[in-house]
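Take a look at the letters that make up each chain.
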Amino acid sequence: MTKLSSHPYIPNSAREIKEQMLKEIGINNAEDIFGQIPEHLRFKGELKIPNGIFSEYQLLRHIKGLLDKNKNCEEYISFLGGGCWQHYTPAVVKTIMQRDEFLTAYVGEAFADHGKFQAQFEYASMLGELLEMDAVNTPTYDWGIAAGTTVRMSARITGRSEALICGAVSPERLACIKTFAFSTVPDIQLVGFDPDTGLIDIDDLKRKMSDKVACVYFENPNFFGVIETQGEEIAKLAHEYGAIVSVGVDPISLGVLEPPARYGADIACGDVQPLGIPMGFGGGLGGFIATHDDPKFVAEFPSLLFGLTTTVESGEYGFGEVLFERTSYASRDKAKDFLGTMAQLHGIGAGVYMALLGPQGMQEIGEGCLQRAAYAAKVLGQIKGIKSPHFKGAHFKEFVVNFDETGKTVKEINKKLLDYKVFGGYDLSQGFPQLGQSALYCVTEVHTKQDIDNLARALTEIVA
Amino acid sequence: MGIVKVRKNFHQARWDEPIIFELSTPGLRGVVPPPPEKELQEAVGDAEKLIPSSIRRKTPPGLPELDQKSVLAHYLHLAQETLGANLCNDISEGTCTMKYNPRINEEIAYLPGIAALHPWQDEDTIQGILQIYYEFEQILKEVSGMDKFLLHPQGGAHAVFTAACIMRAYHIEHGNWGKKDEIISAAFTHPCDHASPATAGFKLIILPPGPDGYPPLEAFEEAISERTAGLFITNPEDTGIYNLNIDKIVKMVHDAGGLCFYDQANANVLLGIARAREAGFDMCHFNIHKTFGTPHGCSGPGLGALGVREHLIKYLPVPTVEYDGSKYYLDYNRPQSIGKVRQFVGPATVLIRAYAWVMAVGKEYLREVSEISTINHNYLQKKLLERIPELEVPYAEGRFRLEEARYSWRKLTEETGVGTDDVMRRIGDYGIQHYWSSHHPWVVPEPMTLEPCETYRKEDLDEYVEALAQIVEEAKKDPEFVKNAPYKCASHKRDDEASLDDPNKWALTWRAYLKKHKKA
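What counts, and at which threshold
- Residues numbered from 1 in each chain as written.
- Chains lettered and ligands numbered in written order.
- Predicted model: local features only at pLDDT ≥ 70, side-chain atom pairs only at ≥ 80, totals over all residues.
- Helix = DSSP H or I, 4+ residues; strand = E, 2+ residues; numbered from the N terminus.
- Buried ≥ 20, exposed ≤ 12 C-beta atoms within 10 Å, placed from the backbone.
- Contact = placed C-beta atoms within 7 Å.
- Pairing = 2+ DSSP bridges.
- Nonpolar A, V, L, I, M, F, W, Y, C, P; charged D, E, K, R; others polar.
- Domains from an automatic or database assignment.
- Arc of directions from axis to C-beta.

Colleague: Any chance you could explain the overall build of chain B here in plain terms?
Modeller: The secondary structure content of chain B amounts to 16 helices and 11 strands. Expressed as lengths along the three principal axes of its C-alpha atoms, the size of chain B is roughly 80 × 65 × 50 Å. Here chain B, with 520 residues, has 61% of them falling under the buried criterion. Sequence-distant contacts in chain B: of pairs separated by 6 or more residues, those separated by 24 or more amount to 72%.

Colleague: Even after reading the chapter, I still don't get the pairing of strand E11 (residues 447-450) of chain B, so can you show me in this structure?
Modeller: Residues in a regular strand point their side chains to alternate faces of the sheet. Residues and elements named next belong to chain B. In E11, alternate side chains face the same way, and those of Pro447 and Thr449 on one face and Met448 and Leu450 on the other are all buried. Taken together, the four bridges between strand E10 (residues 405-408) and E11 define a ladder with antiparallel strand orientation. Within the sheet, the bridge partner assigned to Ser408 lies in E11 and is Pro447.

Colleague: Teacher, can you tell me more about the interface of chain B and chain A here?
Modeller: Quite often, the size of an interface is put as the accessible area lost when its parts meet. The partner chain A presents 179 residues to the 179 residues of chain B that form the contact. Looking at the side of chain B that touches chain A, the element that brings in the most residues is helix H11 (residues 348-387) of chain B, giving 22 residues. Residue composition of the side of chain B that touches chain A, grouped by class: 96 nonpolar, 50 polar and 33 charged.

Colleague: Could you clarify how one ought to interpret the domain arrangement of chain A in this entry?
Modeller: Residues and elements named next belong to chain A. According to the domain assignment, chain A consists of domain 1 (11-67), domain 2 (77-87 + 362-463) and domain 3 (91-353). When each unit is reduced to the centre of its C-alpha atoms, the spacing between domain 2 and domain 3 is 28 Å. On the side of domain 3, 28 residues touch domain 2, which itself brings 25 residues to the contact. Elements with a minimum of two residues in the side of domain 2 that touches domain 3: helix H13 (344-381) and strand E11 (398-402). Top contributing element to the side of domain 2 that touches domain 3 by residue count: H13, with seven residues.

Colleague: In this structure, what is going on with helix H1 (residues 15-25) of chain A? I would like to understand it.
Modeller: Helical periodicity: at 3.6 residues per turn, an α-helix aligns residues three or four positions apart in one direction. Taken together, the buried positions of H1(A) are occupied by Lys18(A), Met21(A) and Ile25(A). Seen along its axis, H1(A) keeps its buried residues to an arc of 65°; they face one direction. Residues of H1(A) that are exposed and point over 90 degrees away from its buried face: Arg15(A), Glu16(A), Glu19(A) and Lys23(A). Summarising the contacts, the buried residues of H1(A) are in contact with H11 and helix H14 (458-477) of chain B. Phi turns positive one or two residues past the end of H1(A), at Gly26(A), with a value near 95°.

Laid out in structure tokens, this is it:
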């Protein structure tokens, strides 16, 4: 094995230093320490892993070489969404997320990591403005786990053990909810959607509603991109039965759509990724949870909650952890669920994004999504054999396209679209067989009219 | 040798930074989103007409309004008021393995080949990233002896939760769910090993340490019964003491029909030294953001890589990453899977940094990481105990700790009234991140946990010893001075701890603060 005089990341691997330190400890080598581990538990032999690439340049070349085997959404025009969306990351967001101070901090206290606490508090505050809610967590893993957490919170608050998941919900998120909620809410029931509008089937909800239900959860816009207009009615019904209403929401829609609190949500949740965090193959996610400032609800958050307070220095803002005893860092198995390393950097990035956009930017980006989605749905609908949008409801940035009459499968169509350097919409035929050969298309502010027209031309040729 | 600098004249940036809402001026803006083309707008009409009025937002969100430079400057100020591990001596956060996070990995993580990948792209267009998943998994298999790894969980506790769900699925399949519901663990094991199984539906039996720093075998014998579903344990635990009975405990739990999970938050000192497999574990996990050099990001995203033995592979969440000899693919067809614990395939952006880290270290240096970690620790511990007679290391006297130790300031507190929380705040005034005392409950009185992993220089360790020694002198001379620290950090000691637990006072958002404290 070729070794260096010292490894750039491991300063004390320099032989003289290492020997000096061993001497100071009073031993000859590290084996004098490791020797206490019983022989039969020791790993013998040599690890079969690749040789190191010690040159930074060669490392970069090696990894670029692997990544070049991918095709990405800058080279191709992508119409994929469904839980991870291509939005533009402003330069300032990237700059701040890459700062070593934020990037490499961890659980430092508020006096030395004051900026981390403030950035996180401001993230929660700005999201609180979008949501019109006063209590917002430090982000959890993703929207799926956030939604599952709201189901568990609801079960604890109500003392009940059933939940209704309503309408078109992402199958990925539904799977997360089921796994996460299982021990407190083993009974997850689904409420259907109207095949015509894509909205929640209220009659089905009424049939399934009971005083055993802890939580009524729905998404807005829903998984099909349809804007749910019956929020108030759903919330009223749920509240009549003493259930808690949790609404999953895409935060980037909140410049143009009413926040769930306005139609009766007790809890809102969703993902911060649309707020300027790069997709990163799904690595960009981070789940938020928000409630009103009701101690009964605040006491049930598992997450760290950062609060603004005072210090011994007059006029200085200080920060601290609110109701720390709730958390598993304080109370272990007696805590509200569990806590750990989750997605705080994405919260900070999302905060920068909201500060950059402001109310005007949030409105404009929302309006742009609405118009592009309406345009794309319309031009695709003009293609013979394609039904678009499949649902009659209003759409935010995603819509379902049905290809049944083309006689082709989504899989075939998407394969052909690759020749046009296009990633077609997400194939719904597995998760929602009742929709036939349908795909979920997504357009955001990154799409131009020409991108959409090119897609329409390509699809026209493919289905012809 | 470089000099050993105790930073007596350090002062952290203190910008006295307003809350961002206080900087707002109506009409200002930081970025302009791309407007749709005129023709497109004309084709569909006004945006507001595209949505029913009932759901249209009537009141614009009360976000701050700032120009771009003001946003940048504000966040740069906040950054400067944060002590990231890459810029300071962060031996402090023991158990967290605060190693250097290489800059090149940040450049890599933002390459379009990863940053601009959608997880649902056609498999033919994601072969590169799937190959990285697959190759990284092979490395973890080798380092642990496990048969397959899951790279979905976004942190350690998340991986532990996934392990608990797998354990649950195993007992359900064997008809034992409800009968076997007890998890055995130990007091110095990370709280997530207690909280995550509890969230999955288990009851916890947490055993206190004996004289060796870990529960004696007899305690396990007494606790294990037909109700035992499994074991969740770290080794070494937060004390840095290697549990010499570990394989015997695993066998006892197996004999009772339970499964054993090894929390490898401590793995930085065991790479190529000892593995989960040889000790008989069914599952283990690595905190990739600790051991494999990826940034902690103010607490995430991380990556909790979960390894399982052959008999548990069928329960892993979907999709798994597979290779058929010519092509990488995602396998969703796993009927006994527990489902999902995170959408898509996990924090790929963390994974790629970890892959870059392990490739930069390689076969030649992976074991060296562990050797230097233990040498650094034992050097630091020896120097600390020699230099500071007030400091103790309880349990297992005379035995080497591996990568960290839980020290006690008991004597100093008895002598001066200055406790670990005071010393911890004061060390911030020396440009050193506050140190980790202990999770709750404190078993060791006035605890301090330090982990000088392999990326710290001998000079950093010497600096740490000297800084602590000076604080001890300060505590003896003027205890109040230390108790009121810090003085030179970004902000001061809080003066109203109770406000954080008081619903009438706590403020989780600016809007709540205005309502409660400004009577807006």
